[in-house]
Amino acid sequence: MIGLISATAAGAAARDRLAAAWPDRTRVYEGPVGDAVRAAFAECEQLVCFLATGAVVRLVAPLLGDKKSDPGVVCVDEGGRFAVSLVGGHGGGANELAEQVGELLGARPVVTTATDAVGIPGLDTLGLPVEGDVAGVTRALLDGEPVALDTEVAWPLPPLPFTAEGTRTVRLTDRAVEPADGEVLLRPPTLVVGVGASKGAPADEVLGLVEGALRDAGLSARSVAELATVDAKREEPGIVEAAARLGVPVVTYSAEELAKVEVPNPSDAPLTAVGTPSVAEASALARGGELLVPKRKSERADGHAAMATCAVVRRPGRGRLAVVGLGPGARDLLTPRAEAELRRASVLVGLDQYVDQIRDLLRPGTRILESGLGAEEERARTAVAEARKGRTVALIGSGDAGVYAMASPALAEASDDIDVIGVPGVTAALAAGAILGAPLGHDHVSISLSDLHTPWEVIERRVRAAAEADIVVTFYNPRSRGRDWQLPKALAILSGHREPTTPVGVVRNASRPDESSRLTTLGTLDPATVDMMTVVTVGNTATREIAGRMVTPRGYRWQAESTSGSAAEQQALPNHPVPHPEETS
């Protein structure tokens, strides 16, 4: 819960805007400000104070205890100009909250945490349990001192400026070891504990078995990702409580699924009870991994038969491939999600000219693998190979990565051994459409005229189908020095089904500094004025030019009504082109 405190009418107005936007996340504290801050500090995970920074400092100073447990505090000035992360930037989530509050209120977020200021992720913000000299190693990273990464187990991390060797170390490990001097241990959730239990098995027996198995194998309980079992034991109280005390979820599989998993120690007892020859080992191995602790039974002091079994598997971290669409070129058309993925990636793969567009957004330590035109399949293979090594990878493309871009070759190369995330982007067709007006208001299709990967016979068949179906067409890759006849051919096909006066929009370098656009007609478009940086949008029989803009109505009723309307109405729906200033220049 986020506590909201204000002292003046101006502060209350901004406070109420936040409360209205986040009704389930916030609680307004009324009354004297000092009492309100003390109450919110004790009851909430975060605070937003609409007060002067100095006042908030004095109010919260006596309340501060430990940065690991103190709530995050954000201070917003009464003018609503700044949202300052004041306390608990990382541990309390104040840095992220300041960003969110700033976006909602139109305020500028102010974050002064050292790692955030220089673009280095904090070691305590990676979502992994962390132990050791966090402050000292972080300071070394900030000062550019050599810090080595020791990956005992693979796990995808964001970019950090690690070196091959260093006086300080960050170690990724799931082993039960203590950090050395100048060392930070990161505990990735690599361990899956499969559990079987008789009905009524006590939670202490289940938990004691699990903890003993981990201890004997030299493994850390902080790296346990889940307890796994059969569906029939989904609500077994001893398993549910043991998982809760470990702070992990219970994941279950059907008996049919578990029966297909090969295990070293099958048994007739679970086969009779729940329909599978193995529960503990099979559920731990259900999604692959290395069996570290074979099935073992609990030991009871009262001499009665064991009521629980467990097995432990190390499941390696899955690499992560984000296929990111950068949009048509303008920075403000790059989505926040795309920007977040770029900053998250430890490896970036892309066309050199696209890398140059977003190089300033990358964090220090990001490894860049760039190549030139014509190497699309090579880039896709490289990105997938890097993800298979357990890395966090971003593969970039212009527009939307799934439209004539990198998503299809990457997904054709990838298998189910990595996680793949698609990040949509603004396509060239959409960017051009917004510049032209509303040419895509009804059914529309995009067709690439490049026959480098698709036979012309196939392209021509698609153009004819669009022409006969009266669909608005946007041509990608319309013309290059080596391909100068495809666009005239495609326009000729459309001309067989549409009037010469059909509006055509031509946009070059949409959203970029040298953007240009013009509105012409099917009968007057000169293909020689088009190149590979251009998209050409040809309207359907209902498309009109209105006030210099290209508009396709959402239905054909408009077209029918316009034929019987008044002279003034018909004059508002001209069927002839109005020269664009660029056409006359």
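Presented here is a report on the structure given in the accompanying data block. (Residues numbered from 1 in each chain as written. Predicted model: local features only at pLDDT ≥ 70, side-chain atom pairs only at ≥ 80, totals over all residues. Heavy atoms only, no water.)

## Looking at unusual backbone geometry
Here comes step 1: A positive phi angle, near 50 degrees, is found at Y404, a position not held by glycine.
Here comes step 2: Residue placement: Y404 occurs in the loop between β19 (392-397) and α15 (407-413).
Here comes step 3: Judged by relative accessible area, Y404 falls into the partly exposed class, the value being 44%.
Here comes step 4: For A547, which is not glycine, the phi dihedral falls at a positive 55 degrees.
Here comes step 5: Tracing the backbone shows A547 in the loop between β27 (544-546) and β28 (549-551).
Here comes step 6: Given the relative accessible area of 66%, A547 is considered exposed. (Helix = DSSP H or I, 4+ residues; strand = E, 2+ residues; numbered from the N terminus. Buried < 20%, exposed > 50% of the residue type's maximum accessible area, 1.4 Å probe, protein only.)

## Describing the sheet that holds strand β1 (residues 2-6)
Here comes step 1: The six strands are arranged β2-β1-β3-β4-β5-β6 in an open sheet whose pairing can be described as mixed. Two strands close off the open sheet at either side, each with one partner strand: β2 (26-28) and β6 (108-110). Strand-to-strand twist across the sheet, computed as the mean angle between neighbouring axes with direction ignored, equals 25 degrees. (Pairing = 2+ DSSP bridges. Axes fitted to C-alpha atoms, helices over the stretch in contact; angles between N-to-C directions.)

## Let's talk about the sheet that holds strand β25 (residues 516-521)
Here comes step 1: In spatial order, the strands read β22-β23-β26-β24-β25; together these five strands make up an open sheet with mixed pairing. Since the sheet does not close on itself, it has two edges, and those belong to β22 (444-448) and β25, each with one partner. Averaged over neighbouring strand pairs, the angle between their axes works out to 20 degrees when direction is ignored.
Here comes step 2: As defined by bridge partners, strand β24 (residues 503-508) adjoins strand β26 (residues 534-538) across five bridges and the pair is classed as antiparallel. Across the sheet, the residue bridging to V504 is V538, located in β26.
Here comes step 3: On top of the sheet, helix α17 (residues 456-468) reaches β22 and β23 (472-476); it is set at about 160 degrees to β22, its chief contact. (Contact = heavy atoms within 4.5 Å.)

## Thoughts on the nonpolar core
Here comes step 1: V193, V195, L214, L227 and V312 are the most contacted members of the largest nonpolar core, which totals 23 residues.
Here comes step 2: Elements with a contribution of two residues or more to this core: β11 (191-197), α7 (203-216), β12 (224-230), α8 (237-246) and β15 (308-314).
Here comes step 3: A per-element tally of this core places α7 first, with six residues.
Here comes step 4: With residues near it in sequence (within four places) discarded, V312 still touches L191, V192, V193, A213, L214, L219, E290, L291, L292 and V293. (Core = buried A, V, L, I, M, F, W, Y, C linked by side-chain atoms within 4.5 Å.)

## Re helix α4 (residues 94-105)
Here comes step 1: Between the first and last C-alpha of α4 there are 16 Å, a value that for twelve residues agrees with the 16 Å anticipated at 1.5 Å per step.
Here comes step 2: For α4, the complete set of buried residues consists of A94, N95, L97, A98, V101, G102 and L105. Taken around the axis of α4, the buried residues stretch over an arc of 160 degrees, which confines them to a single face. Structural note: α4 exposes E96 and E103 on the side pointing more than 90 degrees away from its buried face.
Here comes step 3: Just downstream of α4 lies G106, where phi reads positive at about 75 degrees. (Expected span 1.5 Å × (residues − 1). Arc of directions from axis to C-beta.)

## Describing the pairing of β19
Here comes step 1: Most of β19 is tucked away: six of the six residues are buried.
Here comes step 2: Across the two faces of β19 the burial is the same, with T392, A394 and I396 and V393, L395 and G397 all buried.
Here comes step 3: In the sheet, strand β16 (residues 320-325) pairs with β19 via six bridges, with the strands oriented parallel. In the strand pairing of β19, V323 is matched with L395.

## Remarks on the packing of α7 against α8
Here comes step 1: At a minimum axis separation of 8 Å, α7 and α8 run at an interaxial angle of 55 degrees. Comparing the axis directions of α7 and α8 gives the class oblique. Seen along the crossing, α7 lies across α8 with a hand that is right-handed. Seen from α7, the contacting residues are A203, D204, V206, L207 and V210; seen from α8, they are G238, E241, A242, R245 and L246.
Here comes step 2: Of the residues contributing to the contact of α7 with α8, the split by class is six nonpolar, one polar and three charged. (Parallel < 35°, antiparallel > 145°, perpendicular 65-115°, else oblique. Left-handed = near helix turned anticlockwise from the far one by under 90°. Nonpolar A, V, L, I, M, F, W, Y, C, P; charged D, E, K, R; others polar.)

Remember, this is a structural readout, not a statement about activity or role.
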